[in-house]
Amino acid sequence: MDYYLRLAGAENSAFGTIVAADERASLPHARPTDKIITPHSAVLFDWGACCQSYCSDLTRVVFLGKIPPLLKKLYRIVAEAQQRAIDLIKPGLPIGRLDKTARAFIQKKGYGKYFGHGLGHGIGRQGHEAPRLKGNKNKLQPGMVMTIEPGIYLPGQGGIRIEDMVLVTETGCELLTASVPKKLEEMVL
């Protein structure tokens, strides 16, 4: 992935690329192991590029072959939690409300204890910068760029995280990573 980022014009990677399959995807910041990706694996990719001194950050989960029913269910919950947060984004909204909204939805679906990190973070010259979304009482302002990345991580079973970058505009927001597929049916290879 890093090679293709550079081939496309990136100066370098924004952070260490994460590729985690199956039960390893239950670790939000998984490190490389000897784990073999099989023809039926679910593989989480978290990567970003630096270009003209600005960083990007994106996560997708792809399924090799048939999607296990549990992971299909989790994917749909995470996707809806993310969309609920994105739909709220507009200037003046308390930043922490985004995290509360996504977290409440995941909690309602019975997986709250498996969403162990914040909903997202600011991004710009660094891959992770202010503002952190969880518990933040400041208000969204036009020009802010942040990630929205809910996740559900079931220890020993797998994890689903969907991460996009969002720009706060004068009237709402623009999804900066809209060209990267994320519908469940597009995630099957």
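All of these numbers come straight from a predicted model, not from anything done at the bench.

Asker: How should the side chain of Asp57 be read in this particular structure?
Answerer: Take Asp57: it is sitting in the loop between strand E5 (54–55) and strand E6 (58–63). No salt bridge forms around the buried Asp57; measuring N to O, its nearest opposite-charge neighbour Arg161 is 6.9 Å away. A distance of 3.2 Å separates the side chain of Asp57 from the side chain of His121, its partner in a polar contact. Setting aside chain neighbours within four positions, we find Asp57 in contact with Phe15, Asp46, Trp47, Gly48, His121, Ile123, Gly127, His128, Thr147, Glu149, Glu163 and Met165.

Asker: Explain the sheet that holds strand E4 (residues 49–51) here, please?
Answerer: Within a beta sheet, neighbouring strands are joined by backbone hydrogen bonds and run either parallel or antiparallel to one another. Strand order in the open sheet formed by three strands is E1-E4-E5, and the pairing between neighbours is antiparallel. Pairing within the sheet leaves two strands with one partner each, and these edge strands are strand E1 (12–13) and E5. Where E1 and E4 come together, two bridges link them in antiparallel fashion. By the bridge assignment, Asn12 is partnered in E4 with Cys50.

Asker: Help me out: how do you make sense of the packing of helix H2 (residues 69–88) against helix H3 (residues 96–108) in this one?
Answerer: When two helices pack together, their arrangement is given by the angle between the helix axes and the distance between those axes. Two numbers describe how H2 lies on H3: the axes approach to 9 Å, and their chain directions differ by 150°. Judged by the angle between their axes, H2 and H3 are roughly antiparallel. Our pair here, H2 against H3, has a crossing hand that is right-handed. From H2, Ile77, Glu80, Ala81, Arg84, Ala85 and Leu88 reach across to H3, where they touch Arg97, Leu98, Thr101, Ala102, Phe105 and Ile106.

Asker: Looking at this structure, how should I read a nonpolar patch on the surface?
Answerer: There is a patch of nonpolar side chains on the surface, built from Met1, Val19 and Ile37 and spanning about 240 Å² of accessible area. In this fold, Met1 is placed in the segment before helix H1 (2–7).

Asker: Sorry, what's going on with empty space enclosed by the protein here?
Answerer: Regions of empty space are outlined by a rolling probe, equal in size to a water molecule, passed over the atoms. This structure, assessed with the given rule, holds one cavity of 30 Å³ or more. Counted as a void, the largest cavity has a volume near 30 Å³. Looking at the largest cavity, the residues that line it are Asp22, Ala25, Ala42, Val61, Leu71, Gly158, Gly159 and Ile160.

Asker: Hey, could you run me through the pattern of salt bridges in this one?
Answerer: Pairing between side chains becomes possible if they bear opposite charge and their charged atoms approach one another. This structure, assessed with the given rule, holds eight salt bridges. When the shortest N-O distance is used, the salt bridge between Asp22 and Lys35 registers 3.3 Å. Of the two residues, Asp22 sits in the loop between strand E2 (18–21) and strand E3 (42–47) while Lys35 sits in the loop between E2 and E3, which places them 13 residues apart along the sequence. The shortest N-O distance in the salt bridge between Arg103 and Asp99 comes to 2.8 Å.

Asker: Is there a simple way to think about the layout of surface pockets in this case?
Answerer: Each pocket or cavity is described by its volume, and for the largest pocket that value is around 310 Å³. Forming the walls of the largest pocket are 21 residues, and the residues nearest its centre are His29, His121, His128, Arg132 and Glu149. The residue makeup of the lining of the largest pocket, split by class, is six nonpolar, seven polar and eight charged.

Criteria and cut-off values
Residue indices follow the written sequence of each chain, beginning from 1 at its first position. With the structure being a predicted model, the display of local features is reserved for residues of pLDDT at least 70 and the display and counting of side-chain atom pairs for 80 or more, all residues being used for whole-chain, interface and lining totals. Hydrogen atoms and water are omitted, and side-chain values are computed over all heavy atoms in the structure. Where helices and strands are cited, they refer to DSSP runs of H or I of at least four residues and of E of at least two residues respectively, numbered from the N terminus. Throughout, exposure labels follow a simple rule: accessible area from a 1.4 Å probe, protein chains only, divided by the maximum for the residue type, with under 20% read as buried, over 50% as exposed, and the rest as partly exposed. Positive charges come from Lys and Arg, negative ones from Asp and Glu, while His and the chain ends are left out of the count. Salt-bridge detection follows one rule: a side-chain nitrogen of Lys or Arg within 4 Å of a carboxyl oxygen of Asp or Glu. Counted as a polar contact is a pair of N or O atoms within 3.5 Å, where, for protein atoms, one must be capable of donating a hydrogen and the other of accepting one, and residues adjacent in sequence contribute only when both atoms are in side chains. Contacts are assigned to residue pairs with any non-hydrogen atoms lying within 4.5 Å of each other. A strand pair is defined by DSSP finding two or more bridges across the two strands. Helix axes use the C-alpha atoms of the stretch in contact, all axes being lines fitted to C-alpha atoms, and the angles between their N-to-C directions lie in the range 0 to 180 degrees. Angles below 35 degrees are treated as roughly parallel, those above 145 as roughly antiparallel, those between 65 and 115 as roughly perpendicular, and all remaining angles as oblique. In this scheme, a crossing is called left-handed if the near helix is turned counterclockwise away from the far one by less than a right angle; it is called right-handed if the turn is clockwise. A patch is a set of surface residues, each over 30% in relative accessible area and not in a salt bridge, joined within 9 Å for like charges and within 5 Å for the nonpolar side chains Val, Leu, Ile, Met, Phe, Trp and Tyr. The Shrake-Rupley method, run with a 1.4 Å probe, gives the accessible areas here. Residue values count only the displayed protein chains as cover. Points on a 1 Å grid over protein atoms alone make up a cavity when a 1.4 Å probe fits among them but cannot get out, and a pocket when they form an open set with protein on both sides within 12 Å along at least five of seven lines; lining residues each have an atom within 4 Å of a point. Grid points are joined across faces, edges and corners, and a volume is the space filled by probe spheres set on the points. Lys, Arg, Asp and Glu make up the charged group, whereas Ala, Val, Leu, Ile, Met, Phe, Trp, Tyr, Cys and Pro make up the nonpolar group; the residues left over, Gly among them, are polar.

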